[in-house]
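Read off the chains here:
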Amino acid sequence: MALVEAKLQVGYCSVCGHLSAEPVCDICRAPNRDSKTICIVADSRDVIALEKTREYRGKYHVLGGLISPIDGIGPEQLSIQQLVRRVSQQKVEEAILAISPSVEGETTTLYVGHLLKPFTRVTRIAFGLPMGGDLEYADEVTLARALEGRRDLE
Amino acid sequence: MSRTYKAIGINLKATLLGEADRVLTILTKEHGLIRAVAMGARKQNSKMGGRSGLFVVNNLLIAQGKTLDKITQAETLESYPGLGRTLKKLTAGQYLAELVLNQALSEQPQEDLFYLLNEHLGRIERSHDTHVLAHLTHAIFQLLAIAGVAPQVHQCCLTQALLKPDVSDPHWQAGFSAIAGGAVTLEALEHMQAQDLLLSARVRSTGGEYRATLAPTAAIAAAPPHRSPSPNMTINAVELAVFQQLAHAELSQPSISSPVWLALERLLRQYAQYYFDRPIRSAALIDTCFAPELSESP
Ligand SMILES: [Zn+2]
């Protein structure tokens, strides 16, 4: 509820779609952030969560939801065209897809990834077991996903 | 005092509830379609997180509630992780889920439908990506068949004449009409188009409602787009020959060219939308994802 009200008052950044009081948000305006890397998320709340890590120094693109065919939400209802334009026209070296691992999230990830691949390197964040959680307590679906996303030990 | 019941079911739809919960629509073997809350499913450490995902099959223990039932235990039996490997497979899976949501019944066993859906999801999961559309089309036909509304494709729906597609003749054609119930001879199709008004009036009269005064334009305008009786379509010999094989449990020619499967999927989609009287929303993504330019790349 609070977020809905904030959206009504605040509005969106015209570049990345993140919540912003100004026409262009703080992150997009920050000169010290790397504009060659764009992290693609479904929702502004995901930007806030990723910003809390203080790990990421690139820019963002907020899609405004996930592709959900059953609910009638198609690619055209999200800001995918704007994203493709942004990536194809700017010198973006990496597009990181940071979208939740649900069926809708996977659909969105694969769809967007497919469109961006001709223009840049496309990566996706890893999903697996929560930190501090015991393997034996993880559910089967999460464990199967973590196994599928395994990688070589460096 | 809440009562509990057991069920084996596959998650077909999830909607968000409050801050941390999900409401799942589940096709169960024992009780058909049910809706139940997966409490805390969106919390990072919840065991229900993965188990409440779409296409996950769980052995469930459910507590009956006043308004909504609540999942108290879930043990995953299958989750089709391979569907997530390609966009085509994911889209096909969601299409089938939507179709099943349209046809499944509640408060009665749906064991056959449950097994049929799982069988076809498994086939799509294991399929080569170029055969996904073939497997999807086959699955749609089989789902319509189990609902008792598969289109008639061996005989003309209007004249009952046997339809024998001549695949050596590139000009051979038959008609296809959702309102007539499937394939028709080309002559019957032309006759039908000429008498569009008469036919739609006849169909309405069998539904117990005769409104012959309705002008044809008004009839078409009044029908929602997915229900409009037109356009009736033509179908070539190869398409009809493949169509006639779809009733078999095994798919005999998955490697036949994709335009044929695209054409058959369109016909079945129009047909299913007509019969269930609602649009298949997932189909829009099928158009995008199986469009020639996208399907050529990996
Ligand atoms: Zn911005």
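Residues numbered from 1 in each chain as written. Chains lettered and ligands numbered in written order. Predicted model: local features only at pLDDT ≥ 70, side-chain atom pairs only at ≥ 80, totals over all residues. Heavy atoms only, no water.

Looking up chain B in an unreviewed UniProt entry gives the name DNA repair protein RecO, with the organism given as Myxacorys almedinensis A. As recorded by UniProt, the Function (unreviewed entry) comment attached to chain B reads in full: "Involved in DNA repair and RecF pathway recombination." (UniProt positions renumbered as here; feature names shortened; annotations may be inferred.)

A. The overall build of chain B, seen in detail. Helix and strand counts for chain B stand at 11 helices and eight strands. Evaluated residue by residue, chain B yields a buried proportion of 53% over its 298 residues. Partitioning the contacts of chain B with sequence separation of at least 6, the portion at a separation of at least 24 is 62%. Accessible surface for chain B amounts to roughly 14,000 Å². Of this, 52% is attributable to carbon and sulfur atoms. (Helix = DSSP H or I, 4+ residues; strand = E, 2+ residues; numbered from the N terminus. Buried < 20%, exposed > 50% of the residue type's maximum accessible area, 1.4 Å probe, protein only. Contact = heavy atoms within 4.5 Å. Areas by Shrake-Rupley, 256 points an atom, 1.4 Å probe, with all protein chains shown as cover.)

B. Spatial organisation of the coordination of the zinc ion. All names here are of chain A. Within the protein, Cys13 (SG), Cys16 (SG), Cys25 (SG) and Cys28 (SG) serve as the donor atoms for the zinc ion, at 2.3 Å. Coordination at the zinc ion comes from four donor atoms whose angles at the metal span 106 to 114 degrees, giving a geometry best classed as tetrahedral. Here the donor residues of the zinc ion are spaced in sequence according to C-x2-C-x8-C-x2-C. Accessibility assignment for this pair places Cys13 and Cys16 in one class, buried. (Donors = N, O, S within 2.8 Å, 3.2 Å for Na, K, Ca; no water. Tetrahedral: all angles 85-135°; square planar, octahedral: opposite > 155°, others 65-115°.)

C. Quick peek at the sheet that holds strand E7 (residues 182-184) of chain B. Residue and element names in this part refer to chain B. What the three strands build is an open sheet, ordered E7-E6-E8; its pairing is antiparallel. With one partner strand each, in any of the chains shown, E7 and strand E8 (233-236) form the two edges of the open sheet. Neighbour to neighbour, the strand axes of the sheet diverge by 40 degrees on average, direction disregarded. Judged from the three bridges that link them, strand E6 (residues 173-177) and E7 form a sheet pairing that is antiparallel. Across the sheet, residue Gly175 finds its bridge partner in E7, namely Val184. (Pairing = 2+ DSSP bridges. Axes fitted to C-alpha atoms, helices over the stretch in contact; angles between N-to-C directions.)

D. Representation of the interface of chain A and chain B. Counting from both sides, the interface comprises 22 residues of chain A and, opposite them, 29 residues of chain B. Where chain A abuts chain B, roughly 2,300 Å² becomes buried across the two surfaces, and 62% of that area is made up of carbon and sulfur atoms. On inspection of chain A and its partner chain B, the count reaches two salt bridges. Between Arg51 of chain B and Glu140 of chain A there is a salt bridge, and its shortest N-O distance comes to 2.7 Å. Of all the elements in the fold, those that place two or more residues in the side of chain A that touches chain B are helix H5 (103-116) and helix H6 (140-148) of chain A. In terms of residue count, H5 of chain A provides more of the side of chain A that touches chain B than any other element does, seven residues in total. Taken together, the residues of the side of chain A that touches chain B break down into 11 nonpolar, four polar and seven charged. (Buried area = accessible area lost by both parts, 1.4 Å probe. Salt bridge = Lys/Arg side-chain N within 4 Å of Asp/Glu carboxyl O. Nonpolar A, V, L, I, M, F, W, Y, C, P; charged D, E, K, R; others polar.)

E. Looking closely at the packing of helix H4 (residues 80-89) of chain A against H5 of chain A. Residue and element names in this part refer to chain A. Running from N to C, H4 and H5 cross one another at 35 degrees; their axes reach a closest spacing of 10 Å. At the point where H4 passes H5, the crossing takes the right-handed sense. Where H4 abuts H5, its residues Ile80, Leu83, Val84 and Val87 lie against Tyr111, Val112, Leu115 and Leu116. Taken together, the residues of the contact of H4 with H5 break down into eight nonpolar, no polar and no charged. (Left-handed = near helix turned anticlockwise from the far one by under 90°.)

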